[in-house]
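# Descriptive structure summary
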2 protein chains.
Amino acid sequence: MSSSPQLLIFDVNETLLDTKAVTAAINKELGNSEAAGKWFQSLLHYSLVETVTGDFADFSQIADACLEMTAKNYGKDLSAEKREIILSEFKKLSPHSEVFEGLQRLKNAGFIIVALSNGTLETINDQLKYAGINQLFDRIFSIQSIGKFKPHPSTYAYVLDKMEISSDKVLMIAAHPWDLVGASRAGLQTAFIKREGKSNYPLSPKNDFEAENLIQLSNLLIH
Amino acid sequence: MSSSPQLLIFDVNETLLDTKAVTAAINKELGNSEAAGKWFQSLLHYSLVETVTGDFADFSQIADACLEMTAKNYGKDLSAEKREIILSEFKKLSPHSEVFEGLQRLKNAGFIIVALSNGTLETINDQLKYAGINQLFDRIFSIQSIGKFKPHPSTYAYVLDKMEISSDKVLMIAAHPWDLVGASRAGLQTAFIKREGKSNYPLSPKNDFEAENLIQLSNLLIH
């Protein structure tokens, strides 16, 4: 049995923040209710294309490039200006309704709380501040410091190194199975938050915790 | 200016073979005309999740796992049997209409022609045989031999090693920008086949050749 975690690493987009404002803007612009889903999948794919080919570009640059490409694949031409307006929605996302209370309960219970996102450090800082939850984090990390995207093992190892803690005392919390696959293979414990439309990747190692939201998770973690 | 290529490496799915039978089967089963597109994107993403986390599963296993997950994300439960029936369509794809003639013209002009796919060797062999184009290939490669998925540089390097040829004499041909990004960064020349609904990834290095289909490509390559 794993030891009780001391450090909680939170993924940001979808896990803490509700991305429906971005989704709605893209679906409206491309005239298809599934367009944003395809765009986000291609963004995740191309971030790893950069990583496996030994290259790097900011997540926001890749997001923009994928939006341009996805639009063309739907037969639309989105100007750089229009793409910028759409993607600026990323910095104005609301937290899921239970996130503030959930984080506060975990903080009050003595857990160390950090964020780790594929976004740029500037974006993550802006996002958490806009969402009104930045003060609940002990530290905020971007994969920019490593030059590889999650779920590359270096991204988790970097946080452990900076926080001076061993992997068995760390819990990665995400609404994305691929993030948890990487964390688990890097030796961390994992918690899957089953946000709407998310389900486990069948080839994943078993998660240590599964919950509908952060309140449920806090009930599982606080004894 | 690059030297004239001697070895042509062809990607298989979408580039040579028309995947609409698989697409139609998935979209029908999940009741959404974009479901197959999202499934294929997640398959590409999870193949690289395996590669960056240092693990490996057959492409067909990942395809099945992603189909199960994608179905759940649409609120549907697909049985293993049903998934197997759907994915068996992969082995019965027709080539795009101009592929046989295009490959034959390139072969007659003296190019060495090989295939390199993320699929298992068994699947690729079955696919090219069913499509009636297997005899046009000098050799057929699967990334299974390397244990990493395209566009990891090792996959292209493996083919070059086996064919005993230097990268500057090799042209990678694909309908997928991510495949060409990898090939280009591994030092190969690239040709983008602009199949329906495909467009360049804006952060790609410039392709050496771009064509609507293999006949157009053969016109660019044969002098």
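Because the structure is predicted, anything quoted here is derived from the model rather than measured.

## Thoughts on the pattern of salt bridges
Under the criterion given, the structure shown has 34 salt bridges over all chains. Ionic pairing is found between Lys194 of chain A and Glu212 of chain A, a salt bridge with its closest N-O pair at 3.9 Å. On the criterion of sequence distance, the pair formed by Lys194 of chain A in the loop between β7 (189–193) and β8 (209–211) and Glu212 of chain A in the loop between β8 and α9 (214–221) is long-range, its members being 18 residues apart. Relative accessible area serves as the criterion here: at 41%, Glu212 of chain A is assigned to the partly exposed category. Note that Glu14 of chain B is salt-bridged to Lys198 of chain B, the shortest N-O span being 2.9 Å. Of this pair, Glu14 of chain B sits in the loop between β1 (7–10) and β2 (17–18) while Lys198 of chain B sits in the loop between β7 (189–193) and β8 (209–211); the two residues are 184 residues apart in sequence, bridging distant segments of the chain.

## Description of the sheet that holds strand β5 (residues 139–142) of chain B
Residue and element names in this part refer to chain B. Read from one edge to the other, the open sheet built from 6 strands follows the order β5-β4-β1-β6-β7-β8, with strand pairing classed as parallel. At either end of the open sheet lies a strand with only one pairing partner, and these are β5 and β8. This sheet shows a mean twist of 20 degrees between the axes of neighbouring strands, independent of strand direction. Relative to strand β4 (residues 112–117), β1 is paired through 4 bridges, and the arrangement is parallel. Following the sheet pairing, Phe10 is matched in β4 by Ala115. Against the sheet, helix α9 (residues 214–221) touches β1, β6 (170–174), β7 and β8, its axis set at about 145 degrees to β8.

## Here we look at the interface of chain A and chain B
Contacts between chain A and chain B engage 41 residues on the former and 41 residues on the latter. Here chain A packs against chain B, burying approximately 3500 Å² in sum over the two surfaces, 65% of which is carbon and sulfur. It is His45, Val52 and Tyr201 of chain A in chain A that bury the most area against chain B; as a group they hold 18% of the surface buried on that side. Applying the counting criterion to the chain A and chain B interface returns 6 salt bridges.

How each quantity is defined
Residues numbered from 1 in each chain as written. Chains lettered and ligands numbered in written order. Predicted model: local features only at pLDDT ≥ 70, side-chain atom pairs only at ≥ 80, totals over all residues. Heavy atoms only, no water. Salt bridge = Lys/Arg side-chain N within 4 Å of Asp/Glu carboxyl O. Helix = DSSP H or I, 4+ residues; strand = E, 2+ residues; numbered from the N terminus. Buried < 20%, exposed > 50% of the residue type's maximum accessible area, 1.4 Å probe, protein only. Pairing = 2+ DSSP bridges. Axes fitted to C-alpha atoms, helices over the stretch in contact; angles between N-to-C directions. Contact = heavy atoms within 4.5 Å. Buried area = accessible area lost by both parts, 1.4 Å probe.

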